[in-house]
Amino acid sequence: MKLLFKLLAAALALFLAGGVWYVLTKQPVRAGTIDLRGLQQEVTVRYDERGVPHIQAQNEADLYRALGYVHAQDRLFQMEMVRRLAMGELSEVLGPKLLDTDRLFRTLGIRAHAARVAQAMDMATPANQSLAAYLDGINQYQASHPAPLEFDLLGIPKRPFTPQDTLAVSGYLAYSFAAAFKTEPVMTLIRDQLGTDYLKIFDLDWHPGGVAGLTATAAVPPSSTLQAADWQGLGQLAALSHTALENAAVPAFEGSNAWVVDGRRTASGKPMLAGDPHIAYSAPAVWYEAHLMSPGFELYGHFQALNPVALLGHNAEFGWSLTMFQNDDIDLVAERVNPANPNEVWDHGKWVKLTEHTETIAVKGQPPVSLQLRRSPHGPLINAVYKDSLGTQPIAMWWAFLETENPVLEAFYELNRANTRDKARTAASKIHAPGLNVVWANAQGDIGWWAAAKLPIRPEGVNPTFILDAGKGDADKAGFYPFKDNPQEENPARGFIVSANHQPIGARATPGYYNPSGRAKRLTHLLQTANAPADTQAMQAMQRDTQTVFASQVLQGLLPVLERVLTDPQDRALLKTLGQWNGQFSKDQLAPTLFSQLLFEISRSAMADELGEVQFKALLRTRALDESLPRLIADAQSPWWDVRGTTAIETRADTLKTAWQATLVHLKNTYGPDTNQWIWGKTHTLTHNHPLGQQKPLDKLFNVGALPVPGAREVPNNLAGPIGPAPWAVSYGPSTRGVVDFADASLAVGINPVGQSGVLFDAHYADQAKAFARGEYVRQYLSPSDVRAHTRSTLQMRAVP
């Protein structure tokens, strides 16, 4: 027995030692000396206490090759996943549950478009040379090291990364910005199936003076001939466009805050830049931070997987951040089919044949799936996304990303070096799709904002909020407006610029799916009413602000009605709590929970019966709903209040009382009768999900959280998700927070929501998650003395033949 016990103990020790050895072989190497082919001279990489690499090279080719190498050792699995998502190849490694996602991305045409553009690339340009060197660094790391843990678990084969992969990922980025798939089908259904009276609560007009007022839209005549099966298919598309990225646990872009303040309003007398792009949360985080240095070039940048140029960045001379422009760059088009030939559609006075080709999707554990993809003159037909061949009406997708030159890599390569207004403006003009707001400042005293996109010239009177009728010519484009006519500002007299995804000021309408104006109004108010000149601490406080503007708009019409119909003492006590709420979404308050649940119940009670489950869920995920609710509550005569399927005609008071009662029932069933358990910090939490964390019990290993957090939908600290029932798992929010004072950019601060590394068990896998949830910041080292003082390890890269 003693011998058996010793043998078992020895076997267990060997097993544990083998496990430790296996995990160690997967960890990043941040110290020592390595050989890297293609280097012209030695490169030094100094890692600080957060695992941020500070890369010193003697030329740009070496700089980007080294960046690719260090980026890969921290994020290789993320690179593989985002490549497979964009290329429509997830089913090959994750199985049939991702087949719908692959079908969607193949149908969008991203894969084929990336292949065409890659074939035509001029690899002699500086931007493309940086890409080639960066991808070579990734591929050298991948070829010389054991595959990541996730590769082993999923059976992912190693495969070199190519320019086509990078271009495809830029297509995913553009797709994740698009709201058309969620919004246009449901808005068209409301118009065509319910009638224009139901549209009055939606703010569909352009406001030349900005977003100061709300007006009802005029009636729009129906223009489509969609049948029940077509609506069902479009509902599937809306749902899939939301769940595709969620199922793959790849971050989607949701919104952003950015503002710049010139030296007249700052304590230092120099411009300041603040930015926090809002992106879906994941593990690892979307951004990879790196400090790049070579003769004539330096940048502290935030990089995305497979992209060698920073999308956010700063140095001692200048810096910029981004928000989503929210312009409508996708039109869904109902084609008119030739009755005598279903393979022909009407275009410019004649019948035109559809083009088609077949692609094959590999599916893990199942036979390959063939997908027939068709295209009209307006773009790819999206019907291939539908399950069970639903619908007979061909719906095409016109997408600016597919229809413009879009030299976005060149644009950001130049923006990484744009130390003057002229350079920044020129770089921004080369961003065609997706539409982005570039918010920029420099140490010389300039500030600027450019709405960067190719804006199509649509026919007069056409509203692309709805599915367009190809037979009437509604989908025709007369070209694009020049960049100089895009919304933009440089050095405005007010001394600051705020960008928060809201509709910009402009005499010419720019159709888009703009966010509610609450964040923009709140940030503008804070800047205008500041008691002291702006400094870094004031900027941080603005980014952490949780004050809602939207709630007061809702409660203004809601509270008087509920005060008349609620008689129960407990109900009235809770209503008093809501009425006395200061509008802050802080973790210790009850009112945010009451308000958020009530908002969902009002939406469901008023709208779900008319729209049906699929389209109601689609509406919940749009920004159109936010702007509609204050207008709905203020309109006692709206047809939405009546509940279909009952003999009575329900009033606003009836439906609001029903929503209030449903709110209390849900909260009691979820958290119990003790309202102390309903506070926002218990109902509103943040979890960073890893692709493998969707499978229990792997969630305990790979996911980071749940962490109680403040903030909410459409407040500056936009830790949020769609309108829905408690509990609220935050799905998106600030993907980083950064503040730069150009009096001394070496004192810039920021934060990563999770950590630099995507490698499980690495020290930097989740070392910033709790600090981020608490609203803390860390230094972003720029000066040579700071980099040396905070170096924790050094990696030397030697040139080899």
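Residues numbered from 1 in each chain as written. Predicted model: local features only at pLDDT ≥ 70, side-chain atom pairs only at ≥ 80, totals over all residues. Heavy atoms only, no water.

A. Region of the structure containing the overall build of the protein. Looking only at helices and strands, one finds 24 helices and 30 strands in the protein. In terms of overall dimensions, the protein is globule-like: its C-alpha atoms have a radius of gyration of 27 Å, near the 28 Å expected for 801 residues. Dimensions along the principal axes, computed over C-alpha positions, put the protein at roughly 80 × 80 × 70 Å. Looking at the 801 residues of the protein, the share that counts as buried comes to 60%. Across the protein, every contact between residues at least 6 apart in sequence was considered, and the portion connecting residues at least 24 apart equals 71%. In the form shown here, the protein has an accessible surface area of approximately 30200 Å², with 55% of it arising from carbon and sulfur atoms. A gap of 4 Å separates the mean positions of the 71 positive and 77 negative side-chain charges of the protein. (Helix = DSSP H or I, 4+ residues; strand = E, 2+ residues; numbered from the N terminus. Rg over C-alpha atoms; globule rule 2.2 N^0.38 Å. Buried < 20%, exposed > 50% of the residue type's maximum accessible area, 1.4 Å probe, protein only. Contact = heavy atoms within 4.5 Å. Areas by Shrake-Rupley, 256 points an atom, 1.4 Å probe, with all protein chains shown as cover. Lys, Arg positive; Asp, Glu negative; His and termini not counted. Charge placed at Lys NZ, Arg CZ, Asp CG, Glu CD.)

B. Seen up close, the pairing of strand 13 (residues 350–353). With four bridges joining them, strand 12 (residues 341–347) and strand 13 adopt antiparallel strand pairing. Looking at strand 13, one finds that Val 345 is bridged to Val 352. Counted between consecutive antiparallel strands, the loop separating strand 12 from strand 13 contains two residues, among which His 348 sits at a positive phi close to 50°. (Pairing = 2+ DSSP bridges.)

C. Geometry of the nonpolar core. Ranked by size, the top nonpolar core spans 192 residues in total, and within it Trp 640 and Met 797 carry the most contacts. With 15 residues, helix 2 (residues 60–87) is the largest single contributor of residues to this core. Contacts of Trp 640, omitting those with residues within four sequence positions, involve Ile 190, Leu 194, Tyr 198, Ile 201, Phe 202, Ala 606, Met 607, Glu 610, Leu 611 and Leu 632. Among the nonpolar cores identified, the runner-up in size contains 22 residues, and Val 439, Ala 453, Leu 455 and Ile 497 belong to it. (Core = buried A, V, L, I, M, F, W, Y, C linked by side-chain atoms within 4.5 Å.)

D. Structural context of the layout of surface pockets. Roughly 830 Å³ of internal volume is contained in the second largest pocket. As for the second largest pocket, its lining consists of 48 residues, and the residues nearest its centre are Leu 167, Asn 406, Pro 407, Val 408 and Leu 409. Among the secondary structure elements, those contributing two or more residues to the lining of the second largest pocket are helix 5 (110–119), helix 6 (126–144), helix 8 (163–177), strand 4 (253–261), strand 5 (272–280), strand 9 (318–324) and helix 12 (408–415). Taken together, the residues of the lining of the second largest pocket sort by class into 32 nonpolar, 12 polar and four charged. (1 Å grid on protein atoms, 1.4 Å probe; cavity = no way out; pocket = protein on both sides within 12 Å on 5 of 7 lines; lining within 4 Å. Points joined across faces, edges and corners; volume = space filled by probe spheres on them. Nonpolar A, V, L, I, M, F, W, Y, C, P; charged D, E, K, R; others polar.)

E. Highlighting the sheet that holds strand 16 (residues 379–380). Strand order in this open sheet of three strands is 14-15-16, and the pairing throughout is antiparallel. Edge strands, defined here as strands with exactly one partner in the open sheet, are strand 14 (355–363) and strand 16. Bridging between strand 15 (residues 366–376) and strand 16 involves two bridges; their strand directions are antiparallel. When the sheet's bridge partners are listed, Ser 376 is paired in strand 16 with Gly 379.

F. Looking closely at the sheet that holds strand 17 (residues 395–399). Reading across the sheet, the three strands line up as 17-10-20 and stay open at both edges, with mixed pairing between neighbours. Both outer strands of the open sheet, strand 17 and strand 20 (468–469), are each paired with one neighbouring strand and no more. The pairing of strand 10 (residues 330–334) with strand 20 spans two bridges and is classified as parallel. The residue bridging Ala 334 from the neighbouring strand is Asp 469, located in strand 20.

G. A look at the packing of helix 16 (residues 550–565) against helix 19 (residues 624–634). Where helix 16 meets helix 19, the closest approach of the two axes is 8 Å, and the angle between their N-to-C directions is 20°. By the angle between their axes, helix 16 is roughly parallel relative to helix 19. For the element pair helix 16 and helix 19, the recorded crossing hand is left-handed. Of the residues in helix 19, those in contact with Phe 550, Gln 553, Val 554, Gly 557 and Leu 558 of helix 16 are Asp 626, Leu 629, Pro 630 and Ile 633. Class assignment of the residues belonging to the contact of helix 16 with helix 19 gives a composition of six nonpolar, two polar and one charged. (Axes fitted to C-alpha atoms, helices over the stretch in contact; angles between N-to-C directions. Parallel < 35°, antiparallel > 145°, perpendicular 65-115°, else oblique. Left-handed = near helix turned anticlockwise from the far one by under 90°.)

H. Region of interest: helix 17 (residues 569–579). Buried within helix 17 we find Asp 571, Leu 574, Leu 575 and Leu 578. Projected onto a plane normal to the axis of helix 17, the buried residues spread over an arc of 105° and lie on a single side. Turned more than 90 degrees from where helix 17 packs its buried face, Pro 569 and Lys 576 sit exposed. Those residues of helix 17 that are buried lie in contact with helix 16, helix 18 (591–620) and helix 20 (652–671). The N-capping residue of helix 17, defined by a side-chain oxygen 3.0 Å from the backbone nitrogen of Gln 570, is Asp 568. (Arc of directions from axis to C-beta. Polar contact = N/O pair within 3.5 Å; in protein donor to acceptor, adjacent residues only side chain to side chain.)

I. Fine view of the packing of aromatic side chains. Scanning the entire structure with this criterion turns up 16 aromatic pairs. Ring geometry for Tyr 69 versus Tyr 141: centroids 5.3 Å apart, planes at 90°, classification edge-to-face. With Tyr 69 in helix 2 and Tyr 141 in helix 6, this residue pair connects regions lying 72 residues apart in the sequence. The two residues Tyr 69 and Tyr 141 agree in class, both being buried. With a centroid separation of 6.0 Å and an interplanar angle of 55°, the aromatic rings of Trp 440 and Trp 450 are classed as tilted. (Phe/Tyr/Trp six-rings, centres within 6.5 Å; stacked < 30°, edge-to-face > 60°.)

J. Up close: a nonpolar patch on the surface. A grouping of Met 1, Leu 4 and Leu 8 is seen on the molecular surface, where their side chains present a nonpolar patch of about 390 Å² in accessible area. Tracing the backbone shows Leu 8 in helix 1 (residues 2–25). Overall, the relative accessible area of 54% leaves Leu 8 in the exposed class. (Patch = residues over 30% accessible without salt bridge, like charges linked within 9 Å, V, L, I, M, F, W, Y side chains within 5 Å. Salt bridge = Lys/Arg side-chain N within 4 Å of Asp/Glu carboxyl O.)

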